[in-house]
Amino acid sequence: MQIDVQTVNIEQKNQTFTHLKKRFGDKKIPSRYQEASYDLQAVENLHYRPTWAPEQELYDPNLSKIRMNDWYDLKDPRQFYYSTYTLNRAKQQETMESNFKTVESLNLIEGMPDPVLAIAQNLLIPLRHASYAANINNTLVCGYGYGTVFTQPCVYHAMDNLGIAQYLSRLGLMIGDVEALEAAKQDWMDSDAWQPLRRSLEDLMCVRDPVEVFIKQNFVLDGLLYPLVYQRIVDQNLVEQGGSGISILTQFMTNWYLESKRWVDSVLKTMAAESAENKVVLEEWVDTAANHFTSVLLPVAGLAVEGNQADELVSEAHDELLQRAKKAGLFK
Amino acid sequence: MDIKKTPKKLNVKEKYRLMTRDLAWEPSYRDEKEIYPYVDYEGIKVHDWSKWEDPFRLTMDAYWKYQAEKERKYYAIIDAHAQNNGHLNVTDARYLTAIKLFLQGISPAEYASHRGFARVGREFAGVGPQVACQMQSIDEIRHAQTQVHAMSNYNKFYNGFKDFASQRDRIWYNSVPRSFFDDAMSAGPFEFLIAIGFSFEYVLTNLLFVPFMSGAAYNGDMATCTFGFSAQSDEARHMTLGLECIKFMLEQDPDNIPIVQKWIDKWFWRGCRLLTLVAAMMDYMLPKRVMSWREAWNIYGVENGNALFRDLARYGIKPPMHWDDVEKSIDHTSHQIMLGLYQWKFGTAFHSWTPTASDIEWLKEKYPTTFEKYYLPRWEYAIAQKEAGGEYNNFGLPKLCQVCQLPTLFTEPDDPTQLCHRETDYEGEKYHFCSDGCQHVFEQEPEKYVQAWLPMPALMQEPLKGDLAAWMEWVSLEPTAAGEYASSEDKANFEKWRKQVSTD
């Protein structure tokens with residue numbers, strides 16, 4: 001059964017804003033995502049060149065080797081604008097809050113076998129520093145990338161990475177108080193297992209091509225790290241060893257990776273489909289970074305599993321990443 | 001290490017330190033200068049980034065939670081507003097001019113601010129200011145988007161909203177806010193923070209944001225004033241950040257003081273010139289007025305400004321250089337700008353009008369020493385022309401100030417009967433300014449301001465070559481969006497629809 005409340009009907013003059021009509025026609029009312037995202041960035045008559053780099057434009061598509069006829073092709077399949085983004089994350093943080101409570105009230109950490117806790121300490125807590133680097137890198141892409149549909153998800157992604165670093169910090173405080181964070185930082189700075197990753201992230205923080213940073217951080221490194229650490233080591237190995245509590249506390253990371261890789265893949269796919277030149281550049285970036293980060297992550301995996309198994313897990317993650325790259329149109 | 005330990009209770013400050021400050025590390029494989037290449041060139045010396053005091057200790061989980069709550073409420077209200085023809089509840093359709101200006105000029109500025117804060121949130125070499133700036137960056141995209149969503153419903157019924165994206169880049173008066181934000185973004189990270197974080201957010205927010213949002217509340221614009229309420233706590237955070245960043249710079253090294261002083265002088269003046277548009281809005285565009293520009297200035301400019309600069313005096317910071325000129329201009333600028341907008345109304349994507357008899361009474365009362373003496377005669381002339389069946393237009397093109405990009409229509413600070421005009425020769429070219437303040441800004445950095453894109457010369461050059469109709473097409477200005485309010489489609493429709501919803 002249907003009931004209809006009557007409102008006074010006034011004929012509309014415009015269905016939509018002109019810039020949206022040009023892109024999408026005016027048969028359909030544009031979505032809030034479209035209104036919030038398209039053509040918001042200034043494009044012409046930029047007044048001054050940056051004093052920090054006078055050879056650049058204030059918004060400059062040529063900061064990247066990647067060329068797009070229209071950067072607004074790089075839409076986010078999740079259609080995140082501020083509101084949908086925040087509502088989604090608020091829901092997830094509620095779940096995480098109750099996860100932390102559950103783990104606490106059931107004393108799941110207390111009851112966890114020592115080897116599991118040691119893995120959490122040695123492998124997970126230092127990753128808060130890696131997430132901080134991902135925050136900085138995504139902030140760069142947001143600041144210097146071109147076109148709002150490409151840059152806006154990057155500020156969300158940057159804040160997500162900060163959130164992840166903070167969830168890892170809370171996990172650390174829970175299993176070993178401030179000392180856990182201190183020990184993890186020490187490892188990050190000095191221990192052999194972490195140095196290749198730290199060095200690579202310092203290198204990546206020196207790169208100024210926003211798309212290169214995007215691809216190497218979000219597609220390659222995260223595409224290896226999250227399946228390896230959260231899907232395989234935490235959700236399988238640790239759970240089997242009695243570490244379900246840890247898996248509950250990293251649920252955000254697991255779900256976040258699955259959600260955000262849809263966006264990352266779609267950006268990669270659209271850029272690769274744009275031109276053969278783009279494809280060559282992207283293949284070069286993905287190929288070298290994938291090989292590089294695979295070797296970098298090997299000693300990291302070694303913190304949780306024996307050498308042979310570490311090899312196996314890392315190469316699985318590598319294969320998975322290349323599958324994603326192929327699906328996005330690379331290497332064929 | 002004994003892994004199992006009962007966690008100590010941490011206080012908020014300590015917890016926040018661990019959740020943010022402690023995430024960064026000192027790079028050892030690469031030089032800091034390679035990672036943060038832009039922190040030095042402005043000459044600001046920072047010895048210890050950790051001395052930065054976090055102005056608000058928000059972790060991401062708390063941020064998501066609070067902001068989502070606000071978003072839910074906001075969209076519930078603007079949905080209801082759209083569903084119930086809320087646009088017909090505004091006092092009258094003259095009010096729409098205020099929000100057309102807002103959408104064309106201010107929302108793009110919110111967006112620019114989002115990008116600018118992302119950049120400085122990347123460039124500062126300390127995690128404290130990085131995270132604070134990133135949070136402001138994400139807030140600013142919120143503001144741009146919620147504003148577009150609020151205006152989207154008005155766009156369905158009225159002229160002057162639909163082309164805001166191309167008008168942001170092309171129409172002459174929008175180059176006033178555009179050049180302001182482009183100026184800040186093309187400056188270094190520290191100057192950007194003084195420009196936007198301090199001068200704009202801290203010193204001037206109460207003179208820009210508050211008048212617009214209060215104007216919306218007074219004039220029945222539920223959508224815009226809901227945005228105002230929803231953004232209020234964000235703005236409070238941004239103001240705190242602005243104040244913190246200036247104190248941080250001043251405390252780090254005494255050599256920073258003259259540099260910061262120079263920026264305060266510049267951005268205070270730039271900001272006040274931008275605010276002349278708000279002055280016109282407050283005194284002329286609100287059918288139901290909140291307060292006069294003079295009253296707002298006395299409270300938010302003089303009182304708050306004095307308190308602030310008294311506070312900063314202990315660092316050796318003096319009140320902004322052209323403060324006295326601003327003070328002298330307050331009783332004049334709104335009238336000068338509105339007369340200007342009215343005579344160039346064929347070229348604006350909003351309507352303007354001559355003040356009504358009751359408007360005139362109000363203006364006389366609020367501006368006892370200036371309105372009747374200097375401006376009423378000009379309005380009366382325009383009214384008389386209209387009554388005689390003519391129209392008061394000035395088809396001559398205004399000469400724009402090279403810095404603020406407003407027409408050079410202001411008067412000498414000490415003689416309201418003389419137009420103020422300044423010139424500087426630079427590398428064989430003559431540049432024009434509206435004031436000593438703008439000339440001073442130019443002379444500090446001529447190599448920057450000679451690059452300014454001036455919309456009026458663009459009209460005279462290829463491919464438009466002075467063709468007004470071609471110009472209107474180029475700036476997407478439909479004749480229905482421009483001109484006199486009294487004969488506008490907006491007015492006719494508003495009155496027709498209002499009748500339709502209030503009678504059988």
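See above for the structure.
About the criteria used
Residues numbered from 1 in each chain as written. Chains lettered and ligands numbered in written order. Predicted model: local features only at pLDDT ≥ 70, side-chain atom pairs only at ≥ 80, totals over all residues. Helix = DSSP H or I, 4+ residues; strand = E, 2+ residues; numbered from the N terminus. Rg over C-alpha atoms; globule rule 2.2 N^0.38 Å. Contact = placed C-beta atoms within 7 Å. Axes fitted to C-alpha atoms, helices over the stretch in contact; angles between N-to-C directions. Parallel < 35°, antiparallel > 145°, perpendicular 65-115°, else oblique. Left-handed = near helix turned anticlockwise from the far one by under 90°. Nonpolar A, V, L, I, M, F, W, Y, C, P; charged D, E, K, R; others polar. Core = buried A, V, L, I, M, F, W, Y, C linked by C-beta atoms within 7 Å. Buried ≥ 20, exposed ≤ 12 C-beta atoms within 10 Å, placed from the backbone. Pairing = 2+ DSSP bridges.

Novice: Describe the overall build of chain A, and please don't skip the residues or the numbers.
Specialist: Across its full length, chain A carries 12 helices and 0 strands. At 22 Å, chain A has a C-alpha radius of gyration in line with the 20 Å of a compact globule built from 332 residues. Taken over the C-alpha atoms alone, chain A extends approximately 70 × 60 × 40 Å along its principal axes. Pairs at least 24 residues apart make up 75% of the contacts formed inside chain A by residues separated by at least 6 positions.

Novice: Give a description of the packing of helix H8 (residues 210-240) of chain A against helix H12 (residues 307-327) of chain A that names residues and reports values.
Specialist: Residue and element names in this part refer to chain A. For the pair H8 and H12, the least separation of the axes is 9 Å and the interaxial angle reads 130°. In terms of orientation, H8 and H12 fall into the oblique class. Crossing handedness for the pair H8 and H12: right-handed. Counted together, Val 220, Gly 223, Leu 224, Pro 227, Leu 228 and Arg 232 of H8 and Leu 313, Val 314, Ala 317, His 318, Glu 320, Leu 321 and Arg 324 of H12 form the full contact between these two elements. Here the contact of H8 with H12 is composed, by residue class, of 8 nonpolar, 2 polar and 3 charged.

Novice: Can you explain the nonpolar core? Please cite residues and give values.
Specialist: In this structure, Val220(A), Leu228(A), Val286(A), Leu297(A) and Ile194(B) are the most contacted members of the largest nonpolar core, which totals 257 residues. With sequence-adjacent residues up to four places away left out, Leu228(A) is seen in contact with Ile233(A), Leu297(A), Ala301(A), Leu313(A), Val314(A) and Ala317(A).

Novice: An account of helix H13 (residues 333-343) of chain B is requested, with residue identities and associated values reported.
Specialist: All names here are of chain B. Here H13 lies mainly inside the structure; 11 of its 11 residues are buried. If you check which residues of H13 are buried, you get Thr 333, Ser 334, His 335, Gln 336, Ile 337, Met 338, Leu 339, Gly 340, Leu 341, Tyr 342 and Gln 343. On its buried side, H13 packs onto helix H10 (256-285), helix H11 (293-312), helix H12 (323-329) and helix H15 (371-387).

Novice: I'd like to hear about the interface of chain B and chain A, residue by residue, with values.
Specialist: Taken together, the contact between chain B and chain A spans 77 residues of the former and 76 residues of the latter. Only helix H1 (12-19), helix H2 (32-35), helix H3 (60-83), helix H4 (96-123), helix H5 (127-155), helix H6 (164-170), helix H7 (175-185) and helix H20 (489-502) of chain B provide two or more residues apiece to the side of chain B that touches chain A. Sort the elements by how many residues they give to the side of chain B that touches chain A and H5(B) lands first, with 12 residues. Across the side of chain B that touches chain A, the residue classes tally to 35 nonpolar, 19 polar and 23 charged.

Novice: Just give me the short version of the environment of Asn122(A), but keep the residues and values in it.
Specialist: Residue and element names in this part refer to chain A. Relative to the helices and strands, Asn 122 resides in helix H4 (residues 114-124). Take Asn 122: there are 18 C-beta atoms within 10 Å of it, and that puts it in the partly exposed class. Separated by 207 residues in sequence, Asn 122 and Gly 329 place their C-alpha atoms 37 Å apart. When residues no more than four places from it in sequence are discounted, the contact partners of Asn 122 are Asp 187 and Leu 303.

Novice: Describe the packing of helix H3 (residues 82-105) of chain A against H3(B), and please don't skip the residues or the numbers.
Specialist: If you want to describe how two helices pack, look at the angle between their axes and the distance between the axes. It is the contact of H3(A) with H3(B), at a shortest axis distance of 8 Å, that shows an interaxial angle of 130°. Classed by the angle they form, the pair H3(A) and H3(B) counts as oblique. Between H3(A) and H3(B) lies a crossing whose hand is left-handed. Where H3(A) abuts H3(B), its residues Ser83(A), Thr86(A), Leu87(A), Arg89(A), Ala90(A), Gln93(A) and Met96(A) lie against Asp61(B), Trp64(B), Lys65(B), Gln67(B), Ala68(B), Glu71(B) and Tyr75(B). For the contact of H3(A) with H3(B), the residue count by class is 6 nonpolar, 4 polar and 4 charged.

Novice: Which residues make up the pairing of strand S2 (residues 415-419) of chain B, and what are the values?
Specialist: Note: strand S1 (residues 411-412) of chain B against S2(B), 2 bridges, orientation antiparallel. For Glu412(B), the partnering residue across the bridge sits in S2(B) and is Asp415(B).

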